[in-house]
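Descriptive analysis of the structure
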Amino acid sequence: MDIEIPYSVEIREDTGVNNARFAMWLFLASEVMLFGALFSSYIILRASAASWPVQSEEMNVPVGTINTAILIFSSVTILQAWESLKLKNFGRFRLYLSATMLLAIIFISLKVGIEWIPDIKEGRFFSTNNFFALYFTMTGIHLLHLLAGVVVNAYHLGVGKKMWASDPERFISRIEVTGLYWHFVDLVWIFIFPTLYLM
Amino acid sequence: MTDVPKQEAKKKQGRVYWIIGGGLILLTAVTFLNFALGTAVSVALLIAGLQALLAASVFMHLISEKKVIYILIAFTILMLLAIMFLPISAAFTNVGVDHVP
């Protein structure tokens, strides 16, 4: 039995937006609190520490820079995927969404392969000091968010694409809110990079 | 025929995203150059702020959002300031005060 969910696409008169977009913004507000608490912890721990490592010497700054560019690029490709759907070009949508996922996988591979694994092999882990505890926590939580985005995008390219034939407007709305989430994950990294790599 | 201007507008919007994305990547390169030249970290944070502003306003369409979203974001920023600065101010008020076991 199909249940009609109201205002998933059509605009509500009282808010001026549909429920999907409003719900995503509410979710992102809760995410701001999560990452805000982590940045707050960083400031407190760093300011009250007797000594603190020179972060830029501990971190791989060129890889961090490349990863920042990769995430920004993926933000553009997910927007192009959404724009392609609005132009009713499903082939181009698939291409851009696949590119978005590929870029995220490159980010994750660089992060884990070139940064985390060598760090761990050299004996740097959560328990090393407060900086590494924060570094692995913040970048780990961010990476989990990115992985979740990849899973959702894979769903849209796989099982979820059937909706394009049955209810295209709702499918476009889904891609739009997924994009909002994706840009937020990009935005968080834009602050993580200078905070953990350069300061 | 009426769809043609709409399609053109959408294509133009797509080009805007590429331009802004290119600008953001360029700013990332500037951040790296600043780091390589040993410029103050405050410059990197300033650039990050500018990048966030551009991404939020263009990519997340905050430049043309509805009032209800602006209210939600304003409330979120208020809560963010509280969650960041209340613990920080509490931590620094107690600096130098010995903990009583």
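Here's what I pulled together on the structure shown here. Here the residue numbers are simple positions, counted from 1 along each chain's written sequence. The order in which chains are written sets their letters, starting at A; the order in which ligands are written sets their numbers, starting at 1. Note on the predicted model: pLDDT of at least 70 is required for a residue's local features to be given, and 80 or more for side-chain atom pairs to be given and counted; whole-chain, interface and lining totals, by contrast, use all residues. Side-chain calculation: all heavy atoms of the structure are included, whereas hydrogens and water are not.

**As for the overall build of chain A**
As a reminder of what qualifies: Going along the chain from the N terminus, every DSSP run of H or I of four or more residues is numbered as a helix, and every run of E of two or more is numbered as a strand. In this scheme, a residue with accessible area under 20% of its type's maximum is buried, one over 50% is exposed, and one in between is partly exposed, where area comes from a 1.4 Å probe on protein chains only. In this description, contact between two residues means that some pair of their heavy atoms is separated by no more than 4.5 Å. Note on areas: Shrake-Rupley, 1.4 Å probe, and residue coverage restricted to the protein chains presented here.
Within chain A, the regular secondary structure consists of seven helices and zero strands. Reading the secondary structure of chain A in the N-to-C direction produces α-α-α-α-α-α-α. Looking at chain A residue by residue over its 199 residues, the buried ones come to 53%. For chain A, contacts bridging at least 24 residues in sequence account for 75% of all contacts bridging at least 6. Accessible area of chain A: about 8700 Å², with a carbon and sulfur share of 66%.

**Digging into the packing of aromatic side chains**
Two numbers describe a pair of aromatic rings. These are the distance of the centres and the angle of the planes. Residues and elements named next belong to chain A. Which entries qualify depends on this criterion: Ring pairs shown here join Phe, Tyr and Trp side chains whose ring centres sit within 6.5 Å, with only the six-membered ring taken for Trp; geometry is labelled stacked below 30 degrees between planes, edge-to-face above 60, and tilted in between.
Taken as a whole, this structure holds 26 aromatic pairs over all chains when the rule is applied. Between Tyr42 and Trp52, the ring centres sit 6.0 Å apart and the planes meet at 90°, which makes this aromatic pair edge-to-face. Of this pair, Tyr42 sits in helix H1 (residues 19-47) while Trp52 sits in the loop between H1 and helix H2 (55-58), and the two are 10 residues apart along the sequence. Of the residues examined, Tyr42 reaches a relative accessible area of 3% and is grouped as buried. With a relative accessible area of 19%, Trp52 lands in the buried category. Between the aromatic rings of Tyr135 and Tyr197, the centroid separation amounts to 6.4 Å while the plane-to-plane angle is 75°, which identifies the pairing as edge-to-face. Highlighted residues: Tyr135 in helix H5 (residues 130-157) and Tyr197 in helix H7 (residues 168-198), separated in sequence by 62 residues.

**Structural notes on a positive patch on the surface**
Short version of the rule: Each patch is assembled from residues with relative accessible area greater than 30% and no salt bridge, linking like charges that lie within 9 Å and nonpolar side chains (Val, Leu, Ile, Met, Phe, Trp, Tyr) that lie within 5 Å. Salt bridges are defined by distance alone: a side-chain nitrogen of Lys or Arg within 4 Å of a carboxyl oxygen of Asp or Glu. Counted charges follow a simple rule, with Lys and Arg positive, Asp and Glu negative, and His plus the chain ends left uncounted. Taken as the charge centre is NZ of Lys, CZ of Arg, CG of Asp or CD of Glu, depending on the residue.
Among the surface-exposed residues, Arg92 of chain A together with Lys11, Lys12 and Arg15 of chain B lie close enough to one another that they form a single positively charged patch. The leading source of residues in the positive patch is helix H1 (residues 3-37) of chain B, at three residues. Inspection of the secondary structure puts Lys11 of chain B in helix H1. Using a relative accessible area of 41% as the deciding quantity, one classes Lys11 of chain B as partly exposed.

**Here's the deal with the pattern of salt bridges**
Residue and element names in this part refer to chain A. A complete count under the given rule lists eight salt bridges over all chains for this structure. The partner of Arg124 in a salt bridge is Glu58, with the nearest N and O atoms 2.8 Å apart. Here Arg124 is found in the loop between helix H4 (90-121) and H5, whereas its partner Glu58 is found in helix H2, with 66 residues between them in sequence. Overall, Arg124 belongs to the buried group, its relative accessible area being 16%. Here Glu58 falls in the partly exposed class, since its relative accessible area comes to 26%. When the shortest N-O distance is used, the salt bridge between Arg124 and Asp119 registers 2.8 Å. An identical accessibility class is assigned to Arg124 and Asp119; each is buried. The network of salt bridges with shared partners includes Glu58, Asp119, Glu122 and Arg124.

**What to know about the interface of chain B and chain A**
Note the threshold: For this classification, Asp, Glu, Lys and Arg are treated as charged, while Ala, Val, Leu, Ile, Met, Phe, Trp, Tyr, Cys and Pro are nonpolar and the rest, including Gly, are polar.
Counting residues at the interface gives 42 residues for chain B, matched by 47 residues for chain A. Linking chain B to chain A there are one salt bridge. Between Glu65 of chain B and Arg21 of chain A there is a salt bridge whose closest N-O contact spans 2.9 Å. Elements with a minimum of two residues in the side of chain B that touches chain A: H1, helix H2 (41-59) and helix H3 (67-93) of chain B. Sort the elements by how many residues they give to the side of chain B that touches chain A and H1 of chain B lands first, with 14 residues. By residue class, the composition of the side of chain B that touches chain A is 28 nonpolar, 10 polar and four charged.

**Description of the nonpolar core**
The test is simple: Buried Ala, Val, Leu, Ile, Met, Phe, Trp, Tyr and Cys residues that are joined via side-chain atoms within 4.5 Å together make up what is termed a nonpolar core.
Grouped together as the largest cluster of nonpolar side chains are 76 residues, with contacts concentrated most on Trp25, Phe93 and Tyr135 of chain A together with Phe59 of chain B. Among the elements that line this core, the one with the most residues is H7 of chain A, at 17 residues. Sequence-distant contacts of Tyr135 of chain A, defined by excluding residues within four places in its chain, comprise Met59, Lys111, Glu115, Trp116, Asp119, Gly140, Leu196 and Tyr197 of chain A.

**Some details on H1 of chain A**
Operational definition: By this rule, a helix spans an expected 1.5 Å times one less than how many residues it contains. We define a polar contact as two N or O atoms separated by no more than 3.5 Å, with the added condition that, inside protein, one atom must be a possible hydrogen donor and the other a possible acceptor, whereas residues neighbouring each other in sequence contribute only through side-chain atom pairs.
Between its terminal C-alpha atoms H1 of chain A stretches 42 Å, which fits the 42 Å expected from 29 residues at 1.5 Å a residue. Where H1 of chain A begins, the side chain of Asn18 of chain A points an oxygen toward the backbone nitrogen of Ala20 of chain A, at a separation of 3.2 Å.

**Here we look at the packing of H4 of chain A against H7 of chain A**
All names here are of chain A. This is how the line gets drawn: With axes taken as lines fitted to C-alpha atoms, and helix axes fitted only over the stretch in contact, angles between N-to-C directions fall between 0 and 180 degrees. An angle counts as roughly parallel when it lies under 35 degrees, as roughly antiparallel when it exceeds 145, as roughly perpendicular when it falls between 65 and 115, and as oblique in every other case. Crossings are sorted by hand: turned counterclockwise from the far helix by less than a right angle, the near helix makes the crossing left-handed, and turned clockwise it makes it right-handed.
At a minimum axis separation of 14 Å, H4 and H7 run at an interaxial angle of 25°. Considering their axes alone, H4 and H7 lie roughly parallel with respect to each other. Handedness of the H4/H7 crossing: left-handed. Along its contact with H4, which presents Phe90, Phe93, Thr100, Ala104, Phe107, Lys111 and Glu115, the element H7 presents Phe171, Ile175, Trp182, Trp189 and Tyr197. Split by residue class, the contact of H4 with H7 holds nine nonpolar, one polar and two charged.

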